[in-house]
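What follows is each chain in one-letter form.
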Amino acid sequence: MALRATRLGRRFRSGWALRDCEFELPAGRVTALVGPNGAGKSTLLHLATDLLRPTTGELRIFGAAPGTAEARDRTAFLAQDKPLYPRFTVADTLRFGREFNRTWDQATAERIVRAGGIDLPTQVGTLSQGQCTRIALALALGKRPELLLLDEPLADLDPLVRHEVMGLLMAEAAERGITVVMSSHVLSELENVCDYVLLLKHGGVRLVGDTQELRETHALITGRADDGADDGLPPEVDRATVVETALTGRQVTALVREPDLVDRRWLTETPSLEDLLLGYLRSDARPAPRPAHGGPAEEAA
Ligand SMILES: Nc1ncnc2c1ncn2[C@@H]1O[C@H](COP(=O)(O)OP(=O)(O)OP(=O)(O)O)[C@@H](O)[C@H]1O
């Protein structure tokens, strides 16, 4: 397992940012870390990089505690604000990476920089935001991490640069088998990139698992709304399996678990990853209990 959280909690003066979180993220996967503002995503990434310590429970990186040399050597972290020195040249910046990382790979770092058309003697302060992101990514990947943690690193980039940097990131991750955990609010972008998902809400794990398995164990059902029910669903639909319902005029659409139980008169579709995530983000319903073993797991927030 790349990441394992056991009863993980972190409290600030304002309250619990994360509480009783239990999850495992397998190695070699690209995990989307999603959740509304304040859900605890950055807190989790800061716990994984030892920028914060847990209040309760523990988090393990490939079995090691964050902050130990073993965990640090294997992990790279890229935050939205990239702490680069504007007075350094790009070459100085990479030299800095080489001096501070035992596993440094200069060739990879230079290749990523040059692929963006950036010359090594350029001063960092003269680069665009997209170019700075590329330098930060070169520093992160030059470290040859096994786990790459990304806290909305592309949020301030225009769509074209974003697409280009995401492509670069995914190509490097696939080639080297790097485990990636990436927080993002851009759900539409995650579909073709992520094969695992961890959805946090109110500091708790609401959904975690393989994206394909999660899609296959849910359905979007559409049918004529039942006038007698507040949610528009007919009485035979088991409310315990309903994640979220939307009424539009006389039509009702619902995201449900266990689609096999749904009556055949309903129009049933496999949800896209975006449909699934939106359903859980909108929903305040109690999630289903965690399955006995394997498969997608969901827990109470
Ligand atoms: N250093 C801190 N001191 C006090 N409270 C904090 C601190 N860091 C986070 N919090 C609080 O913890 C909660 C979770 O914040 P966090 O930044 O982890 O959420 P997030 O999911 O990353 O949100 P966003 O999508 O807005 O970046 C919020 O209520 C936030 O105010």
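Residues numbered from 1 in each chain as written. Predicted model: local features only at pLDDT ≥ 70, side-chain atom pairs only at ≥ 80, totals over all residues. Heavy atoms only, no water.

A short note on the sheet that holds strand 5 (residues 75-78)
Convention followed: Paired strands are those between which DSSP finds at least two bridges. Helix and strand assignments follow DSSP, with helices taken as H or I runs no shorter than four residues and strands as E runs no shorter than two, numbered in order from the N terminus. Angular values range over 0 to 180 degrees, each being the angle between N-to-C directions of two axes fitted as lines to C-alpha atoms, with helices fitted over their stretch in contact. In this description, contact between two residues means that some pair of their heavy atoms is separated by no more than 4.5 Å.
With mixed pairing, six strands are arranged side by side in an open sheet as 5-6-7-3-8-9. Strand pairing shows two members of the sheet lacking a second neighbour, strand 5 and strand 9 (204-210), which therefore form its edges. Strand-to-strand twist across the sheet, computed as the mean angle between neighbouring axes with direction ignored, equals 15 degrees. As paired strands, strand 8 (residues 196-201) and strand 9 are joined by six bridges and run antiparallel to one another. Along strand 9, the bridge assignment pairs leucine 198 with valine 208. Against the sheet, helix 1 (residues 41-48) touches strand 3 (30-34), strand 5, strand 6 (147-151), strand 7 (179-183) and strand 8, its axis set at about 145 degrees to strand 6.

Here's the deal with the environment of threonine 31
Structurally, threonine 31 can be placed in strand 3. A C-alpha to C-alpha distance of 10 Å links threonine 31 and leucine 148, two positions 117 residues apart in sequence. Aside from chain neighbours lying at most four places away, what touches threonine 31 is Leu25, Val180, Val181, Met182, Cys194, Tyr196, Val197 and Leu198.

Points about the packing of helix 3 (residues 90-100) against helix 5 (residues 129-142)
What counts is decided by this rule: Any angle that is under 35 degrees is reported as roughly parallel, and any over 145 degrees as roughly antiparallel; angles of 65 to 115 degrees are reported as roughly perpendicular and all others as oblique. The hand of a helix crossing depends on one turn: near helix anticlockwise from the far one by less than a right angle means left-handed, and clockwise means right-handed.
Their axes nearest at 9 Å, the elements helix 3 and helix 5 cross at an angle of 25 degrees. By the angle between their axes, helix 3 is roughly parallel relative to helix 5. Between helix 3 and helix 5 lies a crossing of right-handed hand. On helix 5, the residues that touch Val90, Thr93, Leu94 and Gly97 of helix 3 are Ile135, Ala138 and Leu139.

Describing the side chain of threonine 43
The condition is simple: Categorising residues by exposure relies on relative accessible area from a 1.4 Å probe, with only protein chains included: less than 20% of the type maximum marks a residue as buried, more than 50% marks it as exposed, and the intermediate range marks it as partly exposed.
One can find threonine 43 in helix 1. Residue classification places threonine 43 among the buried residues on the basis of a relative accessible area of 11%. If we ignore the near neighbours within four places in the chain, the residues touching threonine 43 are Arg10, Phe12, Ala17, Leu18 and Leu52.

Observations concerning the environment of serine 128
Mapping serine 128 onto the fold places it in the loop between helix 4 (106-115) and helix 5. Between the C-alpha atom of serine 128 and that of leucine 190, which follows or precedes it by 62 residues, the distance is 25 Å.

Focus: the domain arrangement of the protein chain
Counted only if it meets this: Where each domain begins and ends follows an automated or database-derived domain assignment. By convention, the term buried area covers the 1.4 Å-probe accessible surface removed from two parts as they join, with the contributions of both added.
Annotation of the protein chain at the domain level lists domain 1 (3-210) and domain 2 (217-282). The straight-line distance from the C-alpha centre of domain 1 to that of domain 2 is 35 Å. Each partner contributes residues to the interface: domain 1 has twelve residues there, and domain 2 has nine residues. Together, Leu187, Glu191 and Leu207 form the three largest contributors to the area buried by domain 1 at its contact with domain 2, with a combined 49%.

Some thoughts on the site of the ligand
The following threshold applies: One heavy atom suffices: a residue is near a molecule or strand as soon as one of its heavy atoms comes within 4 Å of it. Here a polar contact means two N or O atoms within 3.5 Å. Within protein one must be a hydrogen donor candidate and the other an acceptor candidate, and residues neighboring in sequence count only if both atoms are side-chain atoms.
Every residue near the ligand is listed here: Phe12, Ser14, Ala17, Pro36, Asn37, Gly38, Ala39, Gly40, Lys41, Ser42, Thr43 and His185. In the model, an oxygen atom of the ligand is placed 2.9 Å from a nitrogen or oxygen of the serine 42 main chain. Threonine 43 is positioned with one of its side-chain polar atoms (N or O) 2.6 Å from an oxygen atom of the ligand.

Regarding the side chain of threonine 241
With respect to the helices, strands and loops of the structure, threonine 241 is situated in the loop between strand 10 (218-224) and strand 11 (242-248). Note on threonine 241: relative accessible area 7%, which makes it buried. Side-chain polar atoms of threonine 241 contact the backbone oxygen of aspartate 238, separated by 2.8 Å.

Examining the sheet that holds strand 11
Overall, antiparallel pairing links the four strands, which are arranged 11-12-10-13 in an open sheet. For this open sheet the edge positions go to strand 11 and strand 13 (267-269), each flanked by a neighbour on one side alone. Across this sheet, the average inter-strand angle for adjacent strands is 20 degrees, counted without regard to direction. Sheet topology places strand 10 next to strand 12 (residues 251-257); seven bridges connect them, and they run antiparallel. By the bridge assignment, arginine 224 is partnered in strand 12 with glutamine 251. On the sheet, helix 9 (residues 273-282) packs against strand 10, strand 11 and strand 12 and is oriented at approximately 95 degrees with respect to strand 12.

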